Every structure is written in structure tokens, then in C-alpha cells.
Amino acid sequence: MVEMLKLPNVSRKLDCLVLKMTMDSRVSDLLKRSSLIKSACNQLQTSSKFALLLESVLMLGNVLNNADEEANRIKVVKGISFDSFAALSGTKGYDKKTSLLVYLEKILSVKLPDVFSVYDELTDLSAAAHESFDGIRQEEDDLSKQLKAVTDELKSSQNLLDSGRLIGEEKKDVEDSIHELEEFASTAQSTISKLHGTVEDARESFSGLLAYFCQEPKQKSEDFFNYVIVFLDELMKCHKQQEEKRERIQNKKKKEEELRAMKKKEDIAPNTALSSLFDQLTTK
């Protein structure tokens with residue numbers, strides 16, 4: 001075997017070796033990340049509970065926006081920008097005290113309590129929010145550049161072999177190296193091509209999701225997913241607080257009823273005792 005330090009382009013040869021050792025795991029990771037984004041897109045688009053939530057938000061918004069309007073001036077909004085979800089907790093309703101998020105929670109608790117388990121239908125949303133097409137694309141580009149280094153090394157080795165300067169063991173080592181690089185380059189090119197197709201498929205799914213919900217088409221996936229997560233988390237937090245509040249009120253009513261019942265018994269008891277005493281006296 002020819003010592004590596006005696007060969008030209010040692011650094012490039014090392015890069016080829018590193019790529020061969022790490023490519024499978026890196027491609028697998030990128031495929032998983034792309035699949036998470038695509039899966040999250042599909043889940044949002046097909047979730048019946050998320051659809052009910054959006055319909056409820058739109059209904060509440062339209063009711064409040066047209067509360068004081070005449071019939072001929074009513075305007076019905078059929079879509080909402082997801083980045084405006086954050087305003088629900090800060091915008092007040094009729095009484096200028098209660099937030100729209102609390103109004104929404106009250107409506108949902110009575111009419112559609114099942115929507116509070118919406119995360120059951122969005123199992124990949126949180127993970128997808130930590131991924132980005134920019135990051136995936138950068139990793140994909142790095143792989144392509146490193147593959148180019150492999151093809152450059154392959155050409156260099158072939159030129160060295162064609163020069164006729166190598167003989168014996170050195171020539172055989174270079175020939176073996178060329179054979180291995182050709183096999184790897186062919187496989188790697190096919191793998192990266194399939195990876196690119198998967199990434200583009202996920203990107204198309206995300207573009208379709210934005211179009212489905214009538215959102216700004218230039219949004220980044222991580223921003224869009226985080227708008228949804230912030231909204232859902234705020235809603236769940238509000239629901240928990242309101243449930244605890246309702247429970248406290250219910251417990252208070254229960255205690256008050258128990259106290260009234262006890263007081264009623266106490267009021268009845270003396271009257272019963274006096275009546276019994278009176279009966280005893282009158283029978284003597």
C-alpha cells in the first residue's frame with residue numbers, strides 16, 4: 001500500500017474518506033428532518049380538531065368585528081394570518097376586560113371540548129418547528145460539494161495513472177483507489193439525487209400547506225409552525241387556568257350549599273326540641 005503522505009492531494013483524499021464514512025448517517029438525518037416537516041404539514045392539513053379551532057377563531061372574530069354594524073355593512077372574513085394568533089391574548093372583547101382568548105376558550109369548553117386534545121393529531125408539529133429548509137439545504141449543498149471533491153480526486157488519480165509514472169505496487173494501489181472512488185461516486189450521486197427529491201417533495205408539501213390556509217407564501221417553515229405552537233400552547237394554558245377557576249367556583253358553591261344545609265338543620269333542631277317539650281307539658 002502506498003503511504004498516503006507520498007501521494008498528491010492528501011487533504012482531498014482525507015475529505016473523500018470522511019465523506020465515505022459519514023455520508024449514510026448524514027443523509028439519513030436529512031431524510032428524517034425533511035420527513036418531519038412533510039408529516040407536520042399533512043397533519044395540520046388533515047386535523048379535524050385544528051380545523052374546528054380555526055373556524056372558531058374566525059367565527060369569534062367576525063362576530064366581534066360586526067357587532068355594531070348594520071346588516072348591509074357586515075363583512076365576513078374567511079381567512080386569518082397565523083402570525084396574528086398572538087394578538088388573541090392581548091385583544092379585549094365586549095367588556096373591554098376579557099381577552100379574545102378567554103372568550104374563545106369559554107366557547108370551546110361548552111361547544112367543542114374535544115379540540116383541547118388537538119396535539120394528539122399533530123404529533124410531529126413540535127419537532128418540525130425545530131427544522132428549517134435553509135438548514136437542510138445547506139447540509140445538502142455541503143454534501144454535493146464534498147461529492148465534487150470525490151470526483152475531482154477521481155480525475156486526478158486517473159490523470160496520475162495515465163501519466164505512466166506509476167509502476168508496480170504504486171500503480172496497483174492507484175488503480176484500486178480509482179475503482180473504489182468510481183463505485184462510491186456513482187452510489188453517492190444517486191443517493192444525493194434521491195435526497196434532493198425528498199427535500200423538494202417536503203418543500204412542495206409546505207408550499208401547499210401555506211396555500212391551503214391562505215398564508216404568505218414566503219414564510220419559513222419554522223416560523224409558520226411556531227405561530228401555530230404558540231397559539232395552541234397559549235390556548236391550552238388559558239384552558240387550564242379557566243378550568244381551575246371553574247373548579248374553584250364550583251367548590252365554593254358546594255361549600256356554600258353545605259353550610260346552608262347545616263344551618264337549616266341547626267335551625268330545625270331547636271324548634272323540634274321545643275315542640276317535644278311543649279307536647280310533654282300539655283299531656284301532664
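Turning our attention to the pattern of salt bridges. Under the criterion given, the structure shown has 10 salt bridges. Across the pair glutamate 200 and arginine 137 runs a salt bridge whose closest N-O atoms are separated by 2.3 Å. Here glutamate 200 is found in helix α6 (residues 168-212), whereas its partner arginine 137 is found in helix α5 (residues 133-162), with 63 residues between them in sequence. For glutamate 200, a relative accessible area of 22% corresponds to the partly exposed category.

Okay, unusual backbone geometry next. Both trends apply: most residues other than glycine have a negative phi, and most peptide bonds are in trans. Even without a glycine there, the phi angle at cysteine 214 is positive, about 60°. Within the fold, cysteine 214 resides in the loop between α6 and α7 (221-283).

Moving on, we get to a nonpolar patch on the surface. On the surface, Leu14, Leu17 and Met21 cluster together into a nonpolar patch covering about 310 Å² of accessible area. Mapped onto the fold, methionine 21 is located in helix α1 (residues 10-46).

What follows deals with the packing of aromatic side chains. Enumeration over the complete set of coordinates arrives at 11 aromatic pairs. Seen in terms of ring centroids, phenylalanine 206 and phenylalanine 224 are 5.9 Å apart; in terms of plane orientation they differ by 75°. Their pairing is edge-to-face. Here phenylalanine 224 lies in helix α7 and phenylalanine 206 lies in helix α6, a separation of 18 residues in the sequence. Here phenylalanine 206 matches phenylalanine 224 in class, with each residue buried.

About the thresholds
- Residues numbered from 1 in each chain as written.
- Predicted model: local features only at pLDDT ≥ 70, side-chain atom pairs only at ≥ 80, totals over all residues.
- Heavy atoms only, no water.
- Salt bridge = Lys/Arg side-chain N within 4 Å of Asp/Glu carboxyl O.
- Helix = DSSP H or I, 4+ residues; strand = E, 2+ residues; numbered from the N terminus.
- Buried < 20%, exposed > 50% of the residue type's maximum accessible area, 1.4 Å probe, protein only.
- Patch = residues over 30% accessible without salt bridge, like charges linked within 9 Å, V, L, I, M, F, W, Y side chains within 5 Å.
- Areas by Shrake-Rupley, 256 points an atom, 1.4 Å probe, with all protein chains shown as cover.
- Phe/Tyr/Trp six-rings, centres within 6.5 Å; stacked < 30°, edge-to-face > 60°.

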